[in-house]
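A structural walkthrough
Below, each chain spelled out in residue letters.
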Amino acid sequence: MESQVFFNESAYSHINGVPVLCRYQIEELSERIIKHVIPDALSIPIPCDIENLMETHFNLTLDYQNLQPDGAILGETVFKKGVRDIYRVEETLKQDQILVREGTVLVDDSLSNNMETRLRFTLAHELGHWILHQRFYGTTENRACRSYRRQHIYTSHHQVKSPVEWTEWQADTFASAILVPRPALRQSLRTFLAQNGLSWPKLSDFSDNKNRENYNDFLKIIAKEYGVSKETARIRMNKLCGIHFPN
Ligand SMILES: [Zn+2]
């Protein structure tokens, strides 16, 4: 499935090669994709099979390699065929080169060990770049988008300044939306409130320690049900329900 089916980039205005998109447009895009691929995931919590989504529906190739000796780069989406540096573990991290086709998502091997939520978020982020940033990364000199281990997660418009930062904000917003779909999250919240005899104003009143505990339990459930980190669950609730739950 070509990504243009879901997102026709040429229909959007661009600034410095980056499509102008608000969060709601990115939410809607992710919901169009989910509706097409696994419609049930819009109403019930189903962890998105992100690898399958990328490979089967977007014809991307996932390639797990050691991208840097210190693991600093987590992922990179290849928009133009070319040669990439990798490091061979079996030869004490000797540098080597591989030829990669357009549509390859290189993923650092370290993520395949006990870093399930980080891996899923990184993959969803790279899928966001692939769908949204063909013009920015495919036709300009910005030929590589890379996710760094220490990269800031873009959660607010205020921190975004450069075109690259805008692409990062968009890819992060897409990743959160595809992993924790907006309608399903609201349904999860309704279920949690009903099962625990709680109301929304009560749950979100953090002056009461019991509510904090309940909210914390809710975030843990969301993290488990959708295969994301608790931090992603917290950010998602913040964006969709305006809740600033203390760290
Ligand atoms: Zn990125």
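Residues numbered from 1 in each chain as written. Predicted model: local features only at pLDDT ≥ 70, side-chain atom pairs only at ≥ 80, totals over all residues.

**Focus on the overall build of the protein chain**
Put simply, the rule is: Runs of E in the DSSP output that reach at least two residues are strands. Runs of H or I that reach at least four are helices, and both are numbered from the N terminus. Counting other C-beta atoms within 10 Å of its own, a residue is labelled buried from 20 upward, exposed at 12 or fewer, and partly exposed in the gap between, with every C-beta atom placed from the backbone. It is the C-beta atoms, placed from the backbone, that decide contacts: two residues are in contact if theirs lie within 7 Å.
When you go through the protein chain residue by residue, the secondary structure sums to nine helices and eight strands. Reported as C-alpha extents along the three principal axes, the dimensions of the protein chain are approximately 60 × 45 × 35 Å. In the protein chain, buried positions account for 34% of the 247 residues. Residue pairs at least 24 apart in sequence account for 65% of intrachain contacts in the protein chain once pairs closer than 6 positions are excluded.

**Structural notes on helix α1 (residues 23-37)**
For an α-helix the count is 3.6 residues per turn, leaving residues at separations of three or four pointing the same way. Selection criterion: Residue count minus one, scaled by 1.5 Å, sets the expected span of a helix. This arc is taken over the directions from the axis of the helix to the C-beta atoms.
Compared with the 21 Å implied by 1.5 Å per residue over 15 residues, the 21 Å span of α1 between its first and last C-alpha is a close match. Every buried residue of α1 is listed here: I26, E27, L29, S30, I33 and I34. Down the axis of α1, the smallest arc covering the buried residues is 160 degrees, so these residues share one side. Exposed residues on α1 whose side chains face more than 90 degrees from its buried face are Y24 and H36. Buried residues belonging to α1 abut α5 (163-179) and α6 (182-195).

**Focus: the pairing of strand β6 (residues 94-100)**
The line we're drawing: When DSSP finds at least two bridges between two strands, those strands are taken to pair.
For strand β5 (residues 82-88) and β6, the ladder comprises seven bridges, and the chain directions are antiparallel. Within the sheet, the bridge partner assigned to V83 lies in β6 and is L99. Between β5 and the antiparallel strand that follows it, β6, lie five residues; T92 among them carries a positive phi value of about 40 degrees.

**Considerations on the domain arrangement of the protein chain**
Heads up, the rule is: Where a domain begins and ends is set by an automatic assignment or by a domain database. Put simply, Ala, Val, Leu, Ile, Met, Phe, Trp, Tyr, Cys and Pro go in the nonpolar bin, Asp, Glu, Lys and Arg in the charged bin, and everything else, Gly too, in the polar bin.
Parsing the protein chain into structural domains produces domain 1 (3-179) and domain 2 (182-241). With centres defined by C-alpha atoms, the gap from domain 1 to domain 2 works out at 27 Å. Listed per partner, the contact involves 16 residues of domain 1 and 13 residues of domain 2. The element that contributes the greatest number of residues to the side of domain 1 that touches domain 2 is helix α3 (residues 116-132), accounting for four residues. Residue classes in the side of domain 1 that touches domain 2 are distributed as eight nonpolar, four polar and four charged.

**Comments concerning the environment of I73**
Relative to the elements of secondary structure, I73 occurs in strand β4 (residues 73-78). Once the C-alpha coordinates of I73 and D217 are considered, the two residues, 144 residues apart in sequence, prove to be 32 Å apart. Leave out the neighbours within four places in its chain, and I73 touches L67, Q68, D108, R146, S147 and Y148.

**Some details on the environment of Q25**
Locating Q25 in the fold gives a position in helix α1. Taking the C-alpha atoms as reference, Q25 lies 24 Å from T56; in sequence the two are 31 residues apart.

**Brief notes about unusual backbone geometry**
Its identity as a non-glycine residue notwithstanding, N16 has a phi of 50 degrees, on the positive side. With respect to the helices and strands, the residue N16 is situated in the loop between β1 (14-15) and β2 (18-19). Of note, N59 is a non-glycine position whose phi angle comes to about 55 degrees, a positive value. Looking at where N59 falls in the secondary structure, it is placed in the loop between α2 (50-57) and β3 (61-65).

**Here we look at the packing of α2 against α3**
In plain terms, the rule: Interaxial angle, 0 to 180 degrees, is taken between N-to-C directions of lines fitted to C-alpha atoms, where a helix line uses only the stretch in contact. Working rule for angles: under 35 degrees goes down as roughly parallel, over 145 as roughly antiparallel, 65 to 115 as roughly perpendicular, anything else as oblique. Note: crossing handedness is left-handed where the near helix turns anticlockwise from the far helix by less than a right angle, and right-handed where it turns clockwise.
Contact geometry for α2 and α3: axes closest at 9 Å, N-to-C directions at 30 degrees. In terms of orientation, α2 lies roughly parallel with respect to α3. Taken as a pair, α2 and α3 cross one another with a handedness that is left-handed. Residue-level inspection shows I50, E51 and M54 of α2 in contact with α3, the latter providing R120, L123, A124 and L127. For the contact of α2 with α3, the per-class residue count stands at five nonpolar, no polar and two charged.

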